[in-house]
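Descriptive analysis of the structure
Here is how the chains run, residue by residue.
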Amino acid sequence: MTVESTGSSEAADEVELVARAVDGDRAALEEVIRRLQDPLYRLALRMAWRPSDAEDAVQEILIRVVTRLATWRAEARLLTWAYRVGVNYLLNLRRQTPQEARQLSLDEFRDGLADGLAEEDYRGPEAALLAEEVRLSCTQAVLQCLERDERIAFVLTDVFELSSAEAAWILEVSPAAYRKRLERARRRIRTFMDSTCGLVNAEAFCRCARRVPKALALGRIDPARPVFAVHPVSPSGRGVAEAAAQLGRLHDAAAVLRAHPDYAAPQQKVDAIGALLRSGRFPLLE
């Protein structure tokens, strides 16, 4: 199966770049990694939930991409092919997110959000920052309540906005099977968000700013060390403010889950990969 999804000049550039990398051009290989590291990190973050776990995952994924680079035949965009490598790793990851370990359902998650919800918006220090931290943490957690196969389908199409054909190719399933999986995920997410999230439905009960006090009390967010609201983003990428601004125009469930900053892969992990490449352990560099 071939996925036609990139222009001829861009495709030719990718083919030439990968050929140079496989032939041992270190600068070309570093450019391949540079192009892939942030999108693959964002994929890992949506699947693994916590940045620390996503950092470990993206390092492993990038190593797998590098060591298999010679097998890329331009049947899909380089990033699409790299997503296939990453998805295979993430779906088979033994480490579970806290929600997976507890087998937390969307219904149970909704009940947890209702418990302790304040009657008024939080007005304490850093109120806007903490409300954003709650929003970003919550939308991450919602995804973890889906089974992994449904989660990745929703992420690929409704968050990353890949076509069904591309996503089916990544998952190595038929387009019909993929569409069924995606519709199950969409139905569950829509039902949950419409009944719960005030960003989607003004009649729903939950408001990020009213969830802040309980999240602070439970230690779900740390005002001294926000995880998502201050996370570094890609150069020229969308930041927290830009992502949040989308919510003023879009109020559907997918848009809310999509409205995350363009997070950047941690540089120390990328540097560690560079050190491994320079160690001479990889056949394509010999």
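Residues numbered from 1 in each chain as written. Predicted model: local features only at pLDDT ≥ 70, side-chain atom pairs only at ≥ 80, totals over all residues. Heavy atoms only, no water.

Some points on the overall build of the protein
Scanning the protein for helices and strands turns up 14 helices and zero strands. Scanning the protein from its N terminus toward the C terminus, one meets helices and strands in the order α-α-α-α-α-α-α-α-α-α-α-α-α-α. Against the globule reference of 19 Å for 286 residues, the protein gives a C-alpha radius of gyration of 20 Å, in line with a compact fold. In terms of overall dimensions, the protein has C-alpha extents of about 65 × 45 × 35 Å along its principal axes. When the 286 residues of the protein are sorted by exposure, 50% land in the buried category. Within the protein, contacts between residues separated by at least 24 positions form 76% of all contacts whose residues are at least 6 apart in sequence. Where the 40 positive side-chain charges of the protein centre and where its 42 negative ones centre are 3 Å apart. (Helix = DSSP H or I, 4+ residues; strand = E, 2+ residues; numbered from the N terminus. Rg over C-alpha atoms; globule rule 2.2 N^0.38 Å. Buried < 20%, exposed > 50% of the residue type's maximum accessible area, 1.4 Å probe, protein only. Contact = heavy atoms within 4.5 Å. Lys, Arg positive; Asp, Glu negative; His and termini not counted. Charge placed at Lys NZ, Arg CZ, Asp CG, Glu CD.)

Looking at the UniProt feature "domain: RNA polymerase sigma-70 region" (unreviewed entry) in the protein
Following the UniProt record, one finds the feature "domain: RNA polymerase sigma-70 region" (unreviewed entry) at residues 33–96. Its end C-alpha atoms 27 Å apart, residues 33–96 is made of 73% helix and 0% strand. (UniProt positions renumbered as here; feature names shortened; annotations may be inferred.)

Points about the UniProt feature "domain: RNA polymerase sigma factor 70 region 4 type" (unreviewed entry) in the protein
Mapped onto this structure's residue numbering, the UniProt feature "domain: RNA polymerase sigma factor 70 region 4 type" (unreviewed entry) falls at residues 139–189. In this annotation, residues 139–189 is assigned 80% helix and 0% strand; the end-to-end C-alpha distance for the span is 11 Å.

A closer look at the nonpolar core
Counting 76 residues, the largest nonpolar core has L36, L40, W81, L156 and M193 as the members making the most contacts within it. Examining the composition of this core, we find that 11 residues originate from one element, helix α2 (residues 26–48), more than from any other. With sequence-adjacent residues up to four places away left out, L156 is seen in contact with L43, E161, L162, A167, I170, L171 and Y178. Grouped together as the second largest cluster of nonpolar side chains are eight residues, Y122, L130, A209 and V212 included. (Core = buried A, V, L, I, M, F, W, Y, C linked by side-chain atoms within 4.5 Å.)

As for unusual backbone geometry
Only a minority of non-glycine residues have a phi that is not negative, and only a minority of peptide bonds are not trans. Unusually for a residue other than glycine, W49 sits at a positive phi of about 75 degrees. Structurally, W49 is set in the loop between α2 and α3 (51–67).

Digging into the packing of aromatic side chains
This model, assessed by the stated rule, comprises three aromatic pairs. Over the face of the ring belonging to W169 we find R84, whose NZ or CZ atom lies 3.7 Å from the ring centre. (Phe/Tyr/Trp six-rings, centres within 6.5 Å; stacked < 30°, edge-to-face > 60°. Lys NZ or Arg CZ within 6 Å of the ring centre and 35° of its normal.)

Section: the side chain of R148
For R148, the position within the fold is in helix α8 (residues 148–159). Using a relative accessible area of 16% as the deciding quantity, one classes R148 as buried. A distance of 2.9 Å separates a polar atom in the side chain of R148 from the backbone oxygen of R95. Leaving out residues up to four positions away in the same chain, R148 has contacts with M47, L90, L91, N92, L93, R95, Q96 and E100. (Polar contact = N/O pair within 3.5 Å; in protein donor to acceptor, adjacent residues only side chain to side chain.)

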